[in-house]
Amino acid sequence: TSSVVTDSDTWFTLRIDATRTEASGYNFTRFYHINKATGEAVTLSDLFRPDADYVSVLSAEVLRQMEEQMAADASLSYLTEFTAIDPEQSFYWNADGDLVLVFDEYAVAAGYMGMVEFTIPQDVYSALLK
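Everything quoted here is computed from the prediction, not taken from an experiment.

Now for the nonpolar core. Leu44, Phe48, Leu58, Leu99 and Leu101 are the most contacted members of the largest nonpolar core, which has 27 residues in total. Elements with a contribution of two residues or more to this core: α1 (54-72), β5 (90-93), β6 (99-103) and β7 (116-120). A total of 5 residues in this core trace back to one element, the largest contributor, which is α1.

See the structure below:
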């Protein structure tokens, strides 16, 4: 399935949701972002200054949220092997303008949790933007 996530003066974002089935299935999402000023497709790394260590900053926030959520709800189970986001992690902006990182099913959590999302407040990453 597909849906338009953002259609503003600056950005157009299309979300594609899919299920891959072999012996069993898993869900995944891809986002395609178009900068309307340049007409170019944009990935996560394109948002940040070349010298910015955005991967470490965003990863630390995801880990913080995982720990907080598991402390509050014993039924949640994130994978302890997760240490960092992919430099081109799937993302979108929510209605408040916060960055939302999206992880495919099984990528950072037990399968029963499905695809998980972490909202990263602007104040965590704004100093790193281009």
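Reading across from one edge, β1-β2-β3-β4 is the order of the 4 strands in this open sheet, with antiparallel pairing throughout. Lying at the two open borders of the sheet, with one neighbouring strand each, are β1 (2-7) and β4 (40-42). For this sheet the average axis-to-axis angle between neighbouring strands, irrespective of direction, equals 30 degrees. Here strand β2 (residues 11-21) pairs with strand β3 (residues 25-35) via 11 bridges, running antiparallel. Note on β3: the bridge partner recorded for Arg15 is Phe31.

Over its 19 residues, α1 runs 27 Å from end to end, which matches the ideal 27 Å to within 8%, given 1.5 Å per residue. For α1, every residue scored as buried is listed here: Tyr54, Val55, Leu58, Ser59, Glu61, Val62, Gln65 and Met66. Down the axis of α1, the buried set is contained in an arc of 160 degrees. They therefore lie on one face. Relative to its buried face, α1 has exposed residues pointing more than 90 degrees away, namely Glu67 and Ala71. Those residues of α1 that are buried lie in contact with β6, β7 and α2 (122-125).

Rules and cut-offs
Residues numbered from 1 in each chain as written. Predicted model: local features only at pLDDT ≥ 70, side-chain atom pairs only at ≥ 80, totals over all residues. Heavy atoms only, no water. Core = buried A, V, L, I, M, F, W, Y, C linked by side-chain atoms within 4.5 Å. Buried < 20%, exposed > 50% of the residue type's maximum accessible area, 1.4 Å probe, protein only. Helix = DSSP H or I, 4+ residues; strand = E, 2+ residues; numbered from the N terminus. Pairing = 2+ DSSP bridges. Axes fitted to C-alpha atoms, helices over the stretch in contact; angles between N-to-C directions. Expected span 1.5 Å × (residues − 1). Arc of directions from axis to C-beta. Contact = heavy atoms within 4.5 Å.

Geometry only, nothing functional implied.
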